[in-house]
Amino acid sequence: MPPPSENDAVAGELLGAAEPPPGELARADDRGDRLWNAGLAAIGGSVLAVAGVIILVLTRGATPALTHIGVWQFIRSSSWDPVSGEFGALPFIYGTLVTSGIAILVAVPVSVGLALFLGEMGPPALRRPVSFAVETLAAIPSVVYGLWGLFVLVPLLRNPVGPFLVRTLGFLPLFKGPPIGLGYLTAGLILAIMILPTISSVTLDVFKTVPPPLKEGALALGATRWEMLRMTVLPYARSGIVGAALLGLGRAVGETMAVAMVIGNAPEIRASLFAPGYTLPAVLANEFSEATSSLYVGALTGLGLVLFGLTVMMNAGARLLLALTGRGFRNK
């Protein structure tokens, strides 16, 4: 090999002088990462900022009423009379919890069964139309659900479903009284239909994450199709099913128009599911435009603050329940 010439040495020195030091090159490469991380941090911080602004606005709006009535008195009182200045949130909290509980009790078993049908058991010819029907339910506006409840579900519960429940289960306080059609049961069933697509779609996605070797191993050991689902799919997807149910519960708690149209709008606490009631979102939608005094507006804003706090408590409970469920499955 011939020795390097003087021109080659000069060119090498010029190239070396043109190249930036390694440290500056690394800093230039990290600049994009730093900007990306800063943007993501700003997005995450904006969520906390929005939540903080919501709490601040609701607290400022509810302060006059809560100061006049008292926070604990406002929460535990069952009297709601805007004319005489008596405001209590307990009937609305009760109605929200009862209707949401009915919706979860009805929707979760049906949703899990529907997800098993679409993901494991159903024939391929039926999976596509059933999946399309479920997606259609998710796209229907809530006011349409309310109209369907008024024209279809309320007459059915008034006769023959309501009288049948009174004859068979009338010895229970939950099924006493005349079935007028409007009440907690109707609102709960409407909510169950509304949250069914959410729970079933999330549950179906969770079922798809079950490892195929786990199911194939159960079948190879002699398990039937149902035993395979019971011993492998359902335990593996337990935490996901709980998460889907809590996601549906969050929508049921905040649903407004459909519930307001079929619950009866009576600020009372009754044990019977046939009795009319009220929920926090429904009273806000119905009465906020009629509020004239600052005390009335403050009381309604206080109901919004109670609803926000109830949602936060449910979210915290959901995270705790998911953690406990996942830990129990891993230990098992």
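Residues numbered from 1 in each chain as written. Predicted model: local features only at pLDDT ≥ 70, side-chain atom pairs only at ≥ 80, totals over all residues. Heavy atoms only, no water.

Peer 1: Even after reading the chapter, I still don't get the overall build of the chain, so can you show me in this structure?
Peer 2: If you tally the helices and strands in the chain, you get 13 helices and zero strands. Taking all 332 residues of the chain together, the buried fraction comes to 36%. Taking contacts inside the chain between residues at least 6 apart in sequence as the whole, the part at least 24 apart equals 72%. Entry remark: accessible area of the chain is about 18,700 Å², with carbon and sulfur atoms responsible for 69%. (Helix = DSSP H or I, 4+ residues; strand = E, 2+ residues; numbered from the N terminus. Buried < 20%, exposed > 50% of the residue type's maximum accessible area, 1.4 Å probe, protein only. Contact = heavy atoms within 4.5 Å. Areas by Shrake-Rupley, 256 points an atom, 1.4 Å probe, with all protein chains shown as cover.)

Peer 1: Hey, could you run me through a nonpolar patch on the surface in this one?
Peer 2: On the surface, a nonpolar cluster with roughly 820 Å² of combined accessible area is contributed by Val143, Val144, Leu147, Trp148, Leu150, Phe151, Val152, Leu156, Val161 and Met257. Per element, the largest residue contribution to the nonpolar patch is nine residues, and it comes from helix α6 (residues 142-169). In this fold, Met257 is placed in helix α11 (residues 257-262). Classification of Met257 as partly exposed rests on a relative accessible area of 39%. (Patch = residues over 30% accessible without salt bridge, like charges linked within 9 Å, V, L, I, M, F, W, Y side chains within 5 Å. Salt bridge = Lys/Arg side-chain N within 4 Å of Asp/Glu carboxyl O.)

Peer 1: In this structure, what is going on with the packing of aromatic side chains? I would like to understand it.
Peer 2: In this description, a pair of aromatic rings is defined by centroid distance and the angle of the planes. One pass over the full model with this rule turns up seven aromatic pairs. Between Phe175 and Phe274, the aromatic rings sit 6.1 Å apart at their centres with planes inclined by 65°, giving edge-to-face as the arrangement. Of this pair, Phe175 sits in the loop between α6 and α7 (184-207) while Phe274 sits in the loop between α11 and α12 (280-287), placing them 99 residues apart in sequence. Note on accessibility: Phe175 and Phe274 belong to one class, buried. (Phe/Tyr/Trp six-rings, centres within 6.5 Å; stacked < 30°, edge-to-face > 60°.)

Peer 1: Teacher, can you tell me more about the pattern of salt bridges here?
Peer 2: Side-chain pairing between opposite charges can occur once the charged atoms of the two side chains come close. Applying the stated criterion across every chain yields a total of two salt bridges. The partner of Glu120 in a salt bridge is Lys215, and the shortest N-O contact between them spans 3.1 Å. One end of the pair, Glu120, is in helix α4 (residues 90-121); the other, Lys215, is in helix α8 (residues 212-220), with 95 residues separating them in the sequence. Lys215 carries the same exposure label as Glu120, and that label is buried. Here Glu268 and Arg270 are joined by a salt bridge, their closest N and O atoms 2.6 Å apart. With relative accessibility at 34%, the residue Glu268 sits in the partly exposed group. The exposure class assigned to Arg270 is partly exposed, which follows from its relative accessible area of 39%.

Peer 1: How do you make sense of the side chain of Lys215 when you look at a structure like this?
Peer 2: Under the relative-accessibility criterion, Lys215 is labelled buried at 18%. For Lys215, the residues in contact, after removing those within four places along its chain, are Glu120, Val210, Met228, Thr232 and Val233.

Peer 1: What's the story with α6 in this structure? I'm lost.
Peer 2: One full turn of an α-helix is made of 3.6 residues, so residues set three or four places apart face in the same direction. If you check α6, its first and last C-alpha atoms are just 31 Å apart, much less than what 28 residues at 1.5 Å a residue would give, namely 40 Å. Val161 marks where α6 bends most, by close to 50°; the proline Pro163 follows one to four residues later. Along α6, the residues that are buried comprise Tyr145, Gly146, Gly149, Leu153, Val154, Leu157, Gly162 and Leu165. On its buried face, α6 sits against α5 (124-139), α7 and α11. (Expected span 1.5 Å × (residues − 1). Bend = angle between axes of the 7 residues up to and from the residue.)

Peer 1: Quick question: what am I supposed to make of the nonpolar core here?
Peer 2: Counting residues in hydrophobic clusters, the biggest one holds 74 residues, and the most contacted among them are Phe74, Trp80, Phe207, Leu280 and Leu303. Among residues more than four places away in sequence, those in contact with Phe207 are Val112, Ala115, Leu116, Val233, Leu234, Ala237 and Ile241. (Core = buried A, V, L, I, M, F, W, Y, C linked by side-chain atoms within 4.5 Å.)

Peer 1: I would appreciate a short explanation of the packing of α6 against α7 in the present structure.
Peer 2: Helix-helix packing is characterised by the crossing angle of the two axes and by the distance between the axes. Where α6 contacts α7, the axes come no closer than 9 Å and their chain directions differ by 130°. As judged from the angle between their axes, α6 and α7 are oblique. For the element pair α6 and α7, the recorded crossing hand is right-handed. Along its contact with α6, which presents Ser142, Tyr145, Trp148, Gly149, Leu153, Val154, Leu157 and Leu165, the element α7 presents Leu185, Thr186, Leu189, Ile190, Ile193 and Met194. For the contact of α6 with α7, the class distribution of residues is 11 nonpolar, three polar and no charged. (Axes fitted to C-alpha atoms, helices over the stretch in contact; angles between N-to-C directions. Parallel < 35°, antiparallel > 145°, perpendicular 65-115°, else oblique. Left-handed = near helix turned anticlockwise from the far one by under 90°. Nonpolar A, V, L, I, M, F, W, Y, C, P; charged D, E, K, R; others polar.)

Peer 1: Where do I start with unusual backbone geometry in this structure?
Peer 2: Only a minority of non-glycine residues have a phi that is not negative, and only a minority of peptide bonds are not trans. Omega for the peptide link from Asn159 to Pro160 comes to 20°, which places this bond in the cis form. Tracing the backbone through its elements, the reader meets Pro160 in helix α6. Backbone geometry at Asn265 places phi at a positive 55°, although glycine is not the residue there. Looking at the element boundaries, Asn265 is found in the loop between α11 and α12.

Peer 1: I'm lost on the environment of Phe117 in this one. Help?
Peer 2: Structurally, Phe117 is set in helix α4. Judged by relative accessible area, which is 26%, Phe117 ranks as partly exposed. Each C-alpha atom of the pair Phe117 and Arg127 lies 7.8 Å from the other, and the pair is 10 residues apart in sequence. Not counting chain neighbours up to four residues away, the residues in contact with Phe117 comprise Gly122, Pro123, Leu126, Arg127 and Val130.

Fair warning: the whole summary comes from geometry, so function is off the table for now.
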